[in-house]
Amino acid sequence: GVSTLAASISRRVHATHLASSGATLIDANRISGGLDLLLGIEAVPGARWGEIELGEGVVSRGDVRRALPTTNDDIAVLTFSRSTVPDPVTVGVRELDAVVRAVDSAGVTVIDAAPGMLPARCDLVCIVVQAHLRAAAGAARVVAECATAGLAHALVVRDCPWESLSTEELERAVGARTITRLRTRSGLTRSVER
């Protein structure tokens, strides 16, 4: 649900006043399957992690975005290449921060990453969780990491056929507020796959 939410937020930018600046979607999870694949631009030329390196100088947002594969509705995507052989490319906090620093001057930047990777300049960390006890226990750890790092955070509750916790119980167990729910959309997974 996290990658789908990240792509949806990026896509929503097209319908807002921020559309003129476009969205930049950054995938810092090398085993996610690729956000370019999720958005249907896996064959679009552009740099992936391991093909882009930002040094200490100033790099313009436009230059970075032009180097990346982009959707028709102006979402520039930085993700990992898919391969059937082990890939030595890794992304650390420094690399992620350099890219975010280059692109966060305009538009919206959405990052799909573990909390320990997120730059301090993040406005909000959305923690996607189902209303189950085990999921709540895991989310509580993420909330603690965010709180320790000083990152603003909130829950996005993902619907499921049954829930063992109410929204209030989930918020109490996790120690964070809910900002929205992701409703189950029949056929969404199939549509994304196709």
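None of the values given here were measured: they were computed from a predicted structure. Residue positions are given per chain, counting from 1 as you read along its sequence in written order. For this predicted model, a pLDDT threshold of at least 70 governs which residues receive local features, and a threshold of 80 or more governs which side-chain atom pairs are given and counted, while totals over whole chains, interfaces and linings are taken from all residues. Derived side-chain values reflect all non-hydrogen atoms in the structure, with water molecules and hydrogen atoms excluded from consideration.

*Asks:* Got a minute to help me understand the overall build of the chain in this structure?
*Replies:* When helices and strands are counted, the chain shows 7 helices and 6 strands. Sequence-ordered secondary structure for the chain, helices as α and strands as β, is α-β-α-α-β-α-β-β-α-β-α-β-α. Summarising its shape, the C-alpha atoms of the chain cover approximately 45 × 40 × 40 Å along the three principal directions. Note on classification: 1.4 Å probe, protein chains only; a residue is buried when its accessible area is under 20% of the maximum for its type, exposed when over 50%, partly exposed between these limits. Counting all 194 residues of the chain, 37% fall into the buried class. Any two residues having at least one pair of non-hydrogen atoms within 4.5 Å are treated as being in contact. Taking the contacts inside the chain whose residues are at least 6 apart along the sequence as the reference set, 70% of them involve residues at least 24 apart. A 1.4 Å probe and the Shrake-Rupley method give the accessible areas. Residues count as covered only by the protein chains that appear here. When the accessible surface of the chain is totalled, it reaches about 11100 Å², and 51% of it is carbon and sulfur. Charge counting follows a simple rule: Lys and Arg are positive, Asp and Glu are negative, and His as well as the terminal groups are ignored. A charge is said to be at NZ when it belongs to Lys, at CZ for Arg, at CG for Asp and at CD for Glu. Within the chain, the 22 negative side-chain charges are centred at a point lying 5 Å from the centre of the 21 positive side-chain charges. Helix numbering and strand numbering both begin at the N terminus, where a helix is a DSSP run of H or I of at least 4 residues and a strand a DSSP run of E of at least 2.

*Asks:* Where do I start with the sheet that holds strand E4 (residues 125-129) in this structure?
*Replies:* One key point about sheets: their strands pair by backbone hydrogen bonds, in either a parallel or an antiparallel sense. Strand pairing is assigned whenever DSSP identifies at least 2 bridges connecting the two strands. On the basis of which strands lie adjacent, the open sheet formed by 3 strands has the order E4-E5-E6 and parallel pairing. Each edge of the open sheet is held by one strand with a lone partner, namely E4 and strand E6 (178-182). Neighbour-to-neighbour, the strand axes of the sheet open up by a mean angle of 25°, direction not taken into account. In terms of strand pairing, strand E5 (residues 153-158) meets E6 through 4 bridges, oriented parallel. By the bridge assignment, Leu 155 is partnered in E6 with Thr 178. Most of the contacts of helix H5 (residues 133-149) go to E4, to which it runs at about 170°, and overall it touches E4 and E5. Running over the sheet, helix H6 (residues 167-174) touches E4, E5 and E6 and is turned about 140° from E5. All axes are obtained by fitting lines to C-alpha atoms, using only the stretch in contact for helices, and the reported angles, taken between N-to-C directions, cover 0 to 180 degrees.

*Asks:* How should I be thinking about the confidence of the model for the chain in this particular structure?
*Replies:* Note: predicted coordinates in regions of low pLDDT should not be interpreted at a detailed level. pLDDT expresses how confident the predictor is about each individual residue, on a scale running from 0 to 100. Looking at the chain, pLDDT values average 86 and 90% of them are 70 or higher. When pLDDT is averaged over each helix and strand of the chain, the minimum, 65, is found for helix H7 (residues 188-193) and the maximum, 95, for H6.

*Asks:* It is not clear to me how the pattern of salt bridges should be interpreted in this structure. Could you clarify?
*Replies:* A pairing counts as a salt bridge when a side-chain nitrogen of Lys or Arg comes within 4 Å of a carboxyl oxygen of Asp or Glu. Applying the stated criterion across every chain yields a total of 10 salt bridges. The partner of Arg 48 in a salt bridge is Asp 36, and the shortest N-O contact between them spans 2.8 Å. Residue Arg 48 is located in the loop between helix H2 (35-38) and helix H3 (61-67), and its partner Asp 36 is located in helix H2; the two are separated by 12 residues in the primary sequence. The burial state of Arg 48 is the same as that of Asp 36; both residues are buried. Among the salt bridges present, the one from Asp 159 reaches Arg 183, with a minimum N-O distance of 3.2 Å. Of this pair, Asp 159 sits in the loop between E5 and H6 while Arg 183 sits in the loop between E6 and H7, and the two are 24 residues apart along the sequence. Residue classification places Arg 183 among the exposed residues on the basis of a relative accessible area of 57%. Within this structure, Asp 97, Arg 101, Asp 104 and Arg 121 form a network of salt bridges that share partners.

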